[in-house]
2 protein chains.
Amino acid sequence: MVSSPANVQYLSGFNGSNGLMLLAPSEAHFITDPRYAQEASETITCKVHIAKGPLALEAAKIIKRKRFKKIGFEPAWMNMAEHGRLEKALPSRVLLHPVAPFLEDLRAVKSPEEIALIRHSVNANSEAYARTMKRVRTGLRELEIAAELEFQMKVLGCEKPAFETIVAVGERTALPHAHPSLRRLQANELLLIDMGATLDGYTSDMTRVLFAGKPPKKVRDLYQAVLEAQLAGLDAVRPDIAVSQVDGAARNVLKSHKLDKQFVHSTGHGLGLEIHETPKIGKLQKGVKKKDEIKLRAGMVITIEPGAYIAGFGGVRIEDTVLVTERGCEVLTPTSKELGGVV
Amino acid sequence: MVSSPANVQYLSGFNGSNGLMLLAPSEAHFITDPRYAQEASETITCKVHIAKGPLALEAAKIIKRKRFKKIGFEPAWMNMAEHGRLEKALPSRVLLHPVAPFLEDLRAVKSPEEIALIRHSVNANSEAYARTMKRVRTGLRELEIAAELEFQMKVLGCEKPAFETIVAVGERTALPHAHPSLRRLQANELLLIDMGATLDGYTSDMTRVLFAGKPPKKVRDLYQAVLEAQLAGLDAVRPDIAVSQVDGAARNVLKSHKLDKQFVHSTGHGLGLEIHETPKIGKLQKGVKKKDEIKLRAGMVITIEPGAYIAGFGGVRIEDTVLVTERGCEVLTPTSKELGGVV
């Protein structure tokens, strides 16, 4: 039983908000509600069922009719309430069994078709950035800049932003996940933009930092340190390297600049149908042995995005979307990484 | 243990993507990750904990330290994987107990402050619609119209659309949840717009239908039937009425026009911090006794949105955001419900 919306989309192409699949060795069933009946009948190639109530109860009917005995489910995508309803609807001979996230592992390595779609998404995202930057001036509000970025994404054919676009100015750049506010960009301030697009279901992710005016030494030094860390992270990306080694490559550079305590998140993450996918590019987690760690594989698409945040002053993050290749990596993001200026 | 993001926001004001609360009779704990440390320390008034790993494991530490014995959790917001992790992290004397969604019931009746915020959201949404409509012409793509609507929302200070804005033209208006596509609006076609904004955390929801040109009789009749149904629904809204009676009031009008089979969804839903909240305004559900049904109460904010969809031809839906008052209801949405035209 596949409940994760991204897994359902991966298997079926369906991108609505309410879909469920049952996969058996020789058949597949797709379940949705009446809102999506027409769309599903036109696009889904396996057996389609239209449920009037909760999808899990329709699944229970199919399980009973087909006399399926053991149902694997996705524990991170099955909540306690649904599990209870399903248990109640099924005869006691049916076993509900949590399974490890193997579809997510399949999805981590992208097919050539998926890589082409991610390229489109990355390029549309960078083009939306370029078009917006022509219009950015001091005096504009964070919210207005975010609105223009998302407008340009949509006009370029993207379904939606892949996440809430982050636009932060001045000392607010020290908040890694700032919500765009009514605050206006003023002269001699930092401007941080973290944006991604969803195009044909596939995501992109990029962060760039600009300065309104001539950047002072403290800003240039901070920027240079983060850029060095980002380049070191990119340099480490290749097949068979453990993710914590990539994270360490970026983190060590920041440490050499005494900025490692200001780097409060991971170096990156996989992306595809979802903006955060496996693998996470972070420190070796407690309880995980080095030999069991996830290693990069050719065909993975990840972000490399170190940052440093100084409360009350500001922060810098530089982020590209990157394809792991047989020999190293290809930076998909075409946008310049020079410390940009605002006219 | 409160895991639902909207419930966490209701209790604490926090609107980030990763927050968890523990409420005890005489104390409250708020848990988030380092990305939100500064924001939380500035805005949260109870004890703040910054977790480096999963929030539930930080909660387990607090539960052990405080020797809490019985933990109520939200079964719809606790997945099987989290529940397993939590059980493993806690001593066996601690009881994890699913609780009914009482916070959602509390949230269904809005305070005067919340109603004021919803009014702001509804007005911003209608203003974004009005500004966009001045520019809508035949030849524009669904995606371009959606982009302009969402741009105007943002410029008006909204954080984001409350849901993916629906813009559908021609026969695509028969898909109740169409994704905006590259399809262009042509002369003598229907245009359906379903849009909502999130402003200061609170949502709004509105659907309007226009026609590019002089609408033929079939379109006028369809529109008139749905409008009658919508007005009948509004007319039924008052305290103490069962939700299925409100739904029935709208549905019966469509039945009298032989359009009830074309009305494939419910008449409406509550909204507030979330775009879909309790109560759902739909048919009496199987297994629910009439006397146990949810009744409207003054202070609830709901949508009334009947529709009729004719595959291959087109659909009409008309939707307002509505406040239940002591005497009936107040339609908050200020936008005209005449069958609009496109210049």
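Residues numbered from 1 in each chain as written. Chains lettered and ligands numbered in written order. Predicted model: local features only at pLDDT ≥ 70, side-chain atom pairs only at ≥ 80, totals over all residues. Heavy atoms only, no water.

Caption draft 1: Region of the structure containing the overall build of chain A. Each helix and strand counted, chain A has nine helices and 19 strands in total. Radius of gyration (C-alpha) of chain A: 23 Å, near the 20 Å computed for a compact globule of 343 residues. On the principal axes, the C-alpha backbone points of chain A span a range of 70 × 45 × 35 Å. Within chain A, the proportion of its 343 residues that are buried is 56%. When contacts within chain A are restricted to residue pairs at least 6 apart in sequence, long-range pairs at least 24 apart make up 65% of them. Carbon together with sulfur atoms contributes 53% to the accessible area of chain A, which is approximately 15200 Å² in total. Averaged over its 47 positive side-chain charges, chain A has a centre that lies 4 Å from the centre of its 40 negative ones. (Helix = DSSP H or I, 4+ residues; strand = E, 2+ residues; numbered from the N terminus. Rg over C-alpha atoms; globule rule 2.2 N^0.38 Å. Buried < 20%, exposed > 50% of the residue type's maximum accessible area, 1.4 Å probe, protein only. Contact = heavy atoms within 4.5 Å. Areas by Shrake-Rupley, 256 points an atom, 1.4 Å probe, with all protein chains shown as cover. Lys, Arg positive; Asp, Glu negative; His and termini not counted. Charge placed at Lys NZ, Arg CZ, Asp CG, Glu CD.)

Caption draft 2: Looking closely at the relation of the copies chain B and chain A. Screw-axis analysis of chain B against chain A gives a translation of 0.0 Å along the axis, an RMSD of 0.0 Å, and a rotation angle of 180°. Put plainly, the chains are arranged around a two-fold axis. Residue asparagine 79 of chain B, judged by its C-alpha, is the member of chain B lying nearest the rotation axis, at 1.9 Å. Looking at chain B, 100% of its interface residues are interface residues in chain A too, so the copies touch through the same face. (Least-squares fit on C-alpha atoms with pLDDT ≥ 70 in both.)

Caption draft 3: Expanded view of the pairing of strand E5 (residues 95-98) of chain B. All names here are of chain B. As judged from the four bridges shared by strand E4 (residues 70-73) and E5, these two strands associate in the parallel manner. Within E5, the residue paired with lysine 70 across the bridge is leucine 95. Each parallel crossover has a hand, and the one from E4 via helix H4 (residues 80-89) to E5 is right-handed. (Pairing = 2+ DSSP bridges. Right-handed = clockwise from strand over helix to strand, strands pointing away.)

Caption draft 4: Spotlight on the pattern of salt bridges. Per the stated rule, a full pass over the model turns up 40 salt bridges over all chains. The closest approach of N and O atoms between glutamate 171 of chain B and arginine 183 of chain B, which form a salt bridge, is 3.0 Å. Taken together, the residues span a long stretch of sequence, with glutamate 171 of chain B in the loop between strand E7 (166-169) and strand E8 (190-195) and arginine 183 of chain B in the loop between E7 and E8 at a distance of 12 residues. Where salt bridges share partners, they join Arg107, Lys110, Glu274 and Glu277 of chain A into one cluster. (Salt bridge = Lys/Arg side-chain N within 4 Å of Asp/Glu carboxyl O.)

Caption draft 5: View of the sheet that holds strand E2 (residues 27-32) of chain B. All names here are of chain B. With mixed pairing, three strands are arranged side by side in an open sheet as E1-E2-E3. Two strands in the sheet have a free side with no partner beyond their single neighbour: strand E1 (19-24) and strand E3 (47-50). Each strand axis lies, on average, 20° off the axis of its neighbour in the sheet, ignoring direction. Note: E2 against E3, four bridges, orientation parallel. In the sheet register, phenylalanine 30 faces E3, and the bridge partner there is valine 48. Where helix H1 (residues 5-12) meets the sheet, its contacts fall on E1 and E2, and the angle it forms with E1 comes to roughly 60°. Along the sheet, helix H3 (residues 55-66) makes contact with E1, E2 and E3, crossing E2 at roughly 150°. (Axes fitted to C-alpha atoms, helices over the stretch in contact; angles between N-to-C directions.)

Caption draft 6: Focus on the domain arrangement of chain A. Residues and elements named next belong to chain A. Here chain A is partitioned into domain 1 (5-99) and domain 2 (108-341). A C-alpha centroid distance of 36 Å is found between domain 1 and domain 2. Each side of the interface is counted separately: domain 1 has four residues, and domain 2 has five residues. Between domain 1 and domain 2 lies a buried interface of about 380 Å² when both sides are counted; carbon and sulfur atoms form 61% of it. (Domains from an automatic or database assignment. Buried area = accessible area lost by both parts, 1.4 Å probe.)

Caption draft 7: Examining the sheet that holds strand E9 (residues 197-199) of chain A more closely. Here we have three strands laid out as an open sheet, ordered E6-E9-E10 (chain A), and antiparallel in their pairing. Each of the sheet's edge strands pairs with one partner strand only, and the pair in question is strand E6 (160-161) and strand E10 (202-203) of chain A.

Caption draft 8: Seen up close, the side chain of threonine 335 of chain A. Residue and element names in this part refer to chain A. If you trace the backbone, threonine 335 turns up in the loop between strand E18 (329-331) and strand E19 (340-341). At 2.8 Å, the side chain of threonine 335 forms a polar contact with the side chain of serine 126. Dropping the residues within four chain positions of it, threonine 335 is found in contact with Ser126, Tyr129, Met206 and Arg208. (Polar contact = N/O pair within 3.5 Å; in protein donor to acceptor, adjacent residues only side chain to side chain.)

Caption draft 9: Representation of the interface of chain B and chain A. Chain B puts 33 residues into the contact, and the matching count from chain A is 34 residues. Both sides together, the interface formed by chain B and chain A hides about 3100 Å², and carbon and sulfur atoms give 65% of it. Considering only the surface of chain B that becomes buried against chain A, Arg35, Met80 and Lys154 of chain B emerge as the three largest contributors, covering 22% of it. Applying the counting criterion to the chain B and chain A interface returns two salt bridges. Between glutamate 150 of chain B and lysine 154 of chain A there is a salt bridge; the shortest N-O distance is 3.4 Å. For the pair chain B and chain A, the interface holds 14 residue pairs in polar contact (both at pLDDT 80 or more). Breaking the side of chain B that touches chain A down by element, the ones donating at least two residues are helix H2 (37-43), H4 and helix H7 (142-155) of chain B. It is H7 of chain B that provides the largest number of residues to the side of chain B that touches chain A, a total of eight residues. Looking at the side of chain B that touches chain A, its residues break down into 18 nonpolar, eight polar and seven charged. (Nonpolar A, V, L, I, M, F, W, Y, C, P; charged D, E, K, R; others polar.)

Caption draft 10: Representation of unusual backbone geometry within the structure. The omega torsion of the bond from threonine 278 of chain A to proline 279 of chain A falls at 0°, within 30 degrees of zero and hence cis. Here the phi dihedral of asparagine 188 of chain B falls at roughly 60°; this positive angle occurs in a residue that is not glycine. With respect to the secondary-structure elements, asparagine 188 of chain B resides in the loop between E7 and E8. By relative accessible area, which is 53% here, asparagine 188 of chain B ends up exposed. Unlike most non-glycine residues, aspartate 240 of chain B shows phi in positive territory, near 75°. Judged by relative accessible area, aspartate 240 of chain B falls into the exposed class, the value being 59%.

Caption draft 11: Focus on the side chain of threonine 198 of chain B. Residues and elements named next belong to chain B. Position of threonine 198 relative to the elements: it lies in strand E9 (residues 197-199). In this structure threonine 198 comes out as buried when scored by relative accessible area, which is 7%. In this view, threonine 198 contacts Cys158, Glu159, Lys160, Pro161, Ala162 and Thr203; residues no more than four positions away in its chain are not counted.

Caption draft 12: Examining the nonpolar core more closely. Grouped together as the largest cluster of nonpolar side chains are 42 residues, with contacts concentrated most on Met1, Ile63 and Leu86 of chain A together with Met1, Ile63 and Leu86 of chain B. Elements supplying a minimum of two residues to this core: strand E1 (19-24), helix H3 (55-66), strand E4 (70-73) and helix H4 (80-89) of chain A together with E1, H3, E4 and H4 of chain B. Those residues in contact with leucine 86 of chain B that lie beyond four places of it in its chain are Met1, Ala56, Ala60, Met78 and Leu96 of chain B. (Core = buried A, V, L, I, M, F, W, Y, C linked by side-chain atoms within 4.5 Å.)

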